[in-house]
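Commentary on secondary and tertiary structure
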Amino acid sequence: MTQLTRRHFTAALGASALTLPSLRAARASDGFVALRASAAKAQLLATGEPQTDVWAYSKGVPGPILRVRQGERLKVRFFNDLPQASTVHWHGIRIDNAMDGVAGLTQDAVPAGKSFDYDFVAPDAGTYWYHPHSRTWEQLARGLYGMLIVEEREPLDFDLDLPLVIDDWRLTEQGAIHEPSFGAMMDKSHAGRLGNWVTVNGTSGPIFKVPTNGLVRLRLANASNARVLRLKTANMNGQIIALDGQPVSNPPNDGDVVALAPSQRVDIAVRAPSEPNSTLELMVQGGDRDIAVATLQTSGPAVEKREQPALPLNPLPALARLPDALQVELRMEGGAMGTMQEAKFNGKVLAIRELVRAGQAWAFNGVSGRTEDPLFRARRGQTVVVNMVNDTAWPHAMHFHGHHVQVIEKNGKPVQNAPWRDTELMERGEKIKVAFPAENVGKWMLHCHMLEHQAAGMATWFEVA
Ligand SMILES: [Cu+2]
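The structure displayed is predicted, hence computed values, not measured ones.

Focus: the overall build of the protein chain
- When its secondary structure is counted, the protein chain shows 5 helices and 33 strands.
- The globule rule puts the C-alpha radius of gyration for 465 residues at 23 Å, and the 21 Å found for the protein chain is close to it.
- For the C-alpha atoms alone, the extent of the protein chain along its principal axes is close to 65 × 50 × 50 Å.
- With 465 residues in all, the protein chain has 59% of them scored as buried.
- Partitioning the intrachain contacts of the protein chain with sequence separation of at least 6 by distance along the chain shows that 77% fall at a separation of at least 24.
- With the model as given, the accessible surface of the protein chain reaches about 18500 Å², and the carbon-plus-sulfur share is 49%.

Right under this line is the structure:
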């Protein structure tokens, strides 16, 4: 990793176990849970070092864990006490379109001082998260995110359910959020806003107590603006059981590294050591060395060993016959070291120099940024195949709203039984065909989740009618 400092390691020592508040009990009489975005302080650096001024949901980084049972209704009253407009997007949920939280597409941004009621059913069990979809590149980087856990209809037999949100912050030496670089073209046109400080659940190098010999369900989410986290799982002897909320039976095996792109999630079943006070470290691959970002420490007498439960599949619609599918081309262009000469922006063709002056650096099919017309319109129930070509020198994390998609072809080779994901990581130069049944009516974003890329042009939308 480029800029992670030595201090990170020392800061890791001495942090104690911490649990996140859950809002399950805190409901108003009308069933709404309050979620308030405001300025707050967070101890991102080690204890004793300065606190950081952040923006947070209900004063916490991350915000409260929202838990709901599969098929049940989640009602959240969002209050905006930020100095700017905001929304809440429920990432990965196959949601009612009006509740998707995209400013300017599915709702007006909620002005400062106002509130908005989100009210929806979560059809799929799994690990999801929430964050703003308005100036996301700034609001997420300032600390606005939280986990959304949809529990299986029948509780699964794990000894511990442990949601961990990993974030990559860009901080000054005093621990302040680095503000001068917000929106910097250097970040927009390269890898995005990479940070220099990693936290897990808002703490640097936390230690989590886990039951000795217990079976732990780790729910990992990447809340970084742009950093792809490459998790090393070999030392944990863990098994991937879900990706982006959806259970997987044949997890991708790429050595022992799990690439977690911005916004992606992975659930890992981990068997804790059978001796008390033993530790397992969650390692992230760095440039020249690996970094322990969190520690699991066994505590208490050994619990009886239990069988690992299988995750029940979610009711995803099946893919209809592909020969009848709507075929969509999506060529990704631009960025530093790219070949893009010009692109259309706000209806006008601009040469690359003019684009950059307008804060843009990327394009889909020669068009930079969201337009009046969608990339494509699909009929409800129609299978859509999107042929995504990454004609840039950078990786991208392509996020589909309201749907999960399946890779059917990679670099010209057919792929069988790929996992269903809401975000696909594409390495430079890669070509990926994804397919999905367009079953969810409405207007849906399709964008890169490296947030500076999204802000600089890598954003479009599609409509299901
Ligand atoms: Cu990107």
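Considering the sheet that holds strand 2 (residues 52–57)
- Taken together, the 4 strands give an open sheet; going across it, the order is 2-1-4-6, and neighbouring strands pair in mixed fashion. Because the sheet does not close on itself, it has two edges, and the strands there are strand 2 and strand 6 (115–121). Strand-to-strand twist across the sheet, computed as the mean angle between neighbouring axes with direction ignored, equals 20°.
- The sheet contact formed by strand 1 (residues 33–42) and strand 2 spans 6 bridges and is antiparallel. Within the sheet, the bridge partner assigned to A37 lies in strand 2 and is Y57.

Points about the packing of aromatic side chains
- Overall, the coordinates contain 11 aromatic pairs when judged by the stated rule.
- Ring centres 6.5 Å apart and planes at 70° place the aromatic pair Y57 and F78 in the edge-to-face group. Within this pair, whereas Y57 is found in strand 2, its partner F78 is found in strand 4 (residues 73–80), the two being separated by 21 residues in sequence. A single burial state applies to Y57 and to F78, both of which are buried.
- An aromatic cluster of three or more residues is present, and its members are Y57, F78, W90, F116, Y118, F120 and Y130.
- The cationic tip of R36 hangs over the ring face of F79; the distance from NZ or CZ to the ring centre is 4.3 Å.
- For the cation-ring pair, R142 lies above W55, with the distance from its terminal atom to the ring centre recorded as 4.6 Å.

Looking at the coordination of the copper ion
- Within the first shell, the copper ion binds the protein through H396 (ND1), C448 (SG) and H453 (ND1), at distances of 2.0 to 2.1 Å.
- Spacing between the donor residues of the copper ion along their common chain follows H-x51-C-x4-H.
- The buried category is assigned to C448, whose relative accessible area is 0%.
- Overall, the relative accessible area of 0% leaves H453 in the buried class.

Some points on the domain arrangement of the protein chain
- The domains assigned to the protein chain are domain 1 (7–299) and domain 2 (322–464).
- Computed from C-alpha atoms alone, the centre-to-centre distance between domain 1 and domain 2 is 25 Å.
- Taken together, the contacts link 44 residues of domain 1 with 41 residues of domain 2.
- With a closest N to O distance of 3.4 Å, E427 and R230 form a salt bridge.
- Elements with a minimum of two residues in the side of domain 1 that touches domain 2: strand 5 (89–91), strand 7 (126–131), helix 2 (136–139) and helix 3 (185–189).

Section: the sheet that holds strand 24 (residues 376–378)
- Strands sit in the order 24-33-32-26-30 across an open sheet of 5 strands; the sheet is mixed. The open sheet has two edge strands with one neighbour each: strand 24 and strand 30 (423–426). Between one strand axis and the next, the sheet turns by 20° as a mean value, whatever way the strands run.
- Bridge count between strand 24 and strand 33 (residues 459–464): 3 bridges; the pairing is parallel. Counterpart to R377 in the pairing with strand 33 is E463.

Observations regarding the environment of F364
- Here F364 is to be found in strand 23 (residues 362–364).
- In contact with F364, other than residues within four places in its own chain, are L330, R331, M332, M398, L446, H447, C448, M458, A459 and T460.

Notes on the pattern of salt bridges
- Scanning the entire structure with this criterion turns up 30 salt bridges.
- A salt bridge links D119 to R73; the nearest nitrogen and oxygen atoms lie 2.7 Å apart. Taken as a pair, D119 in strand 6 and R73 in strand 4 lie far apart in primary sequence, 46 residues in all.
- The exposure class assigned to D119 is partly exposed, which follows from its relative accessible area of 25%.
- Given the relative accessible area of 47%, R73 is considered partly exposed.
- Between R217 and E152 there is a salt bridge, with its nearest N and O atoms 3.1 Å apart. With a gap of 65 residues between them, R217 in strand 12 (residues 215–222) and E152 in the loop between strand 8 (146–151) and strand 9 (160–169) connect regions that are remote in the sequence.
- Overall, R217 belongs to the buried group, its relative accessible area being 2%.
- Here the salt bridges share partners, and the residues they tie into one network are R67, R69, E151, E152, D161, R217, R219 and D267.

Digging into unusual backbone geometry
- Between V61 and P62 the backbone carries a cis peptide bond, its omega angle lying at -5°.
- Along the chain, P62 falls in the loop between strand 2 and strand 3 (66–69).
- The phi torsion at N201 lies on the positive side, around 50°, for a residue other than glycine.
- Its location among the elements puts N201 in the loop between strand 10 (197–200) and strand 11 (207–211).
- On the accessibility criterion, N201 (3% relative accessible area) is buried.

Rules used throughout
Residues numbered from 1 in each chain as written. Predicted model: local features only at pLDDT ≥ 70, side-chain atom pairs only at ≥ 80, totals over all residues. Heavy atoms only, no water. Helix = DSSP H or I, 4+ residues; strand = E, 2+ residues; numbered from the N terminus. Rg over C-alpha atoms; globule rule 2.2 N^0.38 Å. Buried < 20%, exposed > 50% of the residue type's maximum accessible area, 1.4 Å probe, protein only. Contact = heavy atoms within 4.5 Å. Areas by Shrake-Rupley, 256 points an atom, 1.4 Å probe, with all protein chains shown as cover. Pairing = 2+ DSSP bridges. Axes fitted to C-alpha atoms, helices over the stretch in contact; angles between N-to-C directions. Phe/Tyr/Trp six-rings, centres within 6.5 Å; stacked < 30°, edge-to-face > 60°. Lys NZ or Arg CZ within 6 Å of the ring centre and 35° of its normal. Donors = N, O, S within 2.8 Å, 3.2 Å for Na, K, Ca; no water. Domains from an automatic or database assignment. Salt bridge = Lys/Arg side-chain N within 4 Å of Asp/Glu carboxyl O.

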